[in-house]
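Reading the structure
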Amino acid sequence: MLELHAITAGYDRKAPVVRDASLTVAPDEAVGLLGPSGCGKSTLARVAALLHRPEAGTLVLDGEPVRRWRHRAPCDLRTAIGVVFQQPRLSADPRLRLTDLIAEPLRATGRRDEVPDRITELAAAVGLTRDLLVRRPHEVSDGQLQRACLARALVLRPRWLICDEMTAMLDASTTAALVAAVEDYRAATGAGLLAVGHDQVLLRRWCDRVLHWDEVTGRARRA
């Protein structure tokens, strides 16, 4: 279970962007978090991904309260979560070929021997051809780069996926392809999903249940 209890977080202690937010995601469940731009949902997603330490509240992952964040978090917790952000060009090293971008987490965790097989498997899963894999970010489209970022998020076989506005900058066909790739992965592994966005139609079609930001922060309102 992925559990966020009474989370308060932000970048200015005097004015946190998230106040007293709570939600849960069960294994094999897809939960959508719906809210307008600027409401704080992306900050909450970063807390859930162990990328931002909250000022108050508790994150429990698979029954274990999280006490350390970012690189200080235990490796088994960090690698349990795969994250895809809204803007692929801000989350990709421009110096890396796509194949190296996808393989980066494997190399960082000492699993280099898995690289060839996982690259082949994931490239097919997300729709990246061999000629695209040898290109660098500036040589591919946003959609192609986001496919690589999704493959990178899946490469360590995470138990939890957090997709923060993953398709906001993409066309309809690429959106459909990436959502299908996520769902294929979830069907094969039983991974839980937190999908953050402001597209109500997409989230309602994609997720088992959709929570509105007001509901998560205690103000009753459903999507």
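Overview of the structure.

Analysis parameters
- Residues numbered from 1 in each chain as written.
- Predicted model: local features only at pLDDT ≥ 70, side-chain atom pairs only at ≥ 80, totals over all residues.
- Heavy atoms only, no water.
- Pairing = 2+ DSSP bridges.
- Helix = DSSP H or I, 4+ residues; strand = E, 2+ residues; numbered from the N terminus.
- Axes fitted to C-alpha atoms, helices over the stretch in contact; angles between N-to-C directions.
- Contact = heavy atoms within 4.5 Å.
- Parallel < 35°, antiparallel > 145°, perpendicular 65-115°, else oblique.
- Left-handed = near helix turned anticlockwise from the far one by under 90°.
- Nonpolar A, V, L, I, M, F, W, Y, C, P; charged D, E, K, R; others polar.
- Buried < 20%, exposed > 50% of the residue type's maximum accessible area, 1.4 Å probe, protein only.

1. What to know about the sheet that holds strand S3 (residues 30-34)
On the basis of which strands lie adjacent, the open sheet formed by 5 strands has the order S6-S7-S8-S3-S9 and parallel pairing. The open sheet has two edge strands with one neighbour each: strand S6 (81-84) and strand S9 (209-212). The mean angle between the axes of side-by-side strands here comes to 15°, regardless of whether they run parallel or antiparallel. Note that S6 and strand S7 (residues 160-164) share 4 bridges and pair parallel. Pairing of isoleucine 81 across the sheet is with tryptophan 160, part of S7. Along the sheet, helix H6 (residues 142-154) contacts S6 and S7; its crossing angle with S6, the most-contacted strand, is approximately 170°. Along the sheet, helix H7 (residues 172-189) makes contact with S3, S7 and strand S8 (192-197), crossing S8 at roughly 160°.

2. Remarks on the sheet that holds strand S5 (residues 64-65)
Reading across from one edge, S2-S1-S4-S5 is the order of the 4 strands in this open sheet, with antiparallel pairing throughout. Only two strands of the sheet have a single neighbouring strand rather than two, namely strand S2 (18-25) and S5. Bridge count between strand S4 (residues 56-61) and S5: 2 bridges; the pairing is antiparallel. Paired with leucine 61 across the bridge in S5 is glutamate 64. On top of the sheet, helix H1 (residues 41-48) reaches strand S1 (2-9), S2 and S4; it is set at about 125° to S1, its chief contact.

3. Quick look at the packing of helix H4 (residues 115-126) against H6
Two numbers describe a pair of packed helices, the interaxial angle and the distance between the axes. Closest axis-to-axis distance for the H4/H6 pair is 9 Å, and the angle between their directions is 130°. Taken together, H4 and H6 sit at an angle that is classed as oblique. Our pair here, H4 against H6, has a crossing hand that is right-handed. Listed contacts from H6 to Arg118, Leu122 and Val126 of H4 are Arg147, Leu150, Ala151 and Leu154. Residues that form the contact of H4 with H6 fall into these classes: 5 nonpolar, no polar and 2 charged.

4. Brief notes about H1
Within H1, 6 of the 8 residues are buried, leaving the element largely enclosed by the surrounding structure. Along H1, the positions that sit buried rather than exposed are Lys41, Thr43, Leu44, Ala45, Val47 and Ala48. After H1 finishes, the residue leucine 50 shows a positive phi value of roughly 65°.

5. Structural notes on the side chain of serine 91
Within the secondary structure, serine 91 sits in the loop between S6 and helix H3 (98-108). The contacts of serine 91, once residues within four sequence positions are left out, are Phe85, Cys149 and Arg152.

6. Comments concerning the environment of threonine 8
Structurally, threonine 8 is set in strand S1. When its relative accessible area of 17% is taken as the criterion, threonine 8 is described as buried. Taking the C-alpha atoms as reference points, threonine 8 and aspartate 76, 68 residues apart in sequence, are found 25 Å from one another. Other than its neighbours up to four places away in sequence, threonine 8 contacts Pro16, Val18, Arg19, Asp20, Pro54, Glu55 and Ala56.

7. Considerations on the packing of H3 against H4
Interhelical geometry of H3 versus H4 gives an angle of 130° and a closest axis separation of 10 Å. Between H3 and H4, the crossing angle belongs to the class labelled oblique. In the packing of H3 onto H4, the handedness of the crossing is right-handed. Two secondary-structure elements touch here, H3 through Thr99, Ile102, Ala103, Leu106 and Arg107 and H4 through Val115, Arg118, Ile119 and Leu122.

By themselves, these observations are geometric and do not establish any function.
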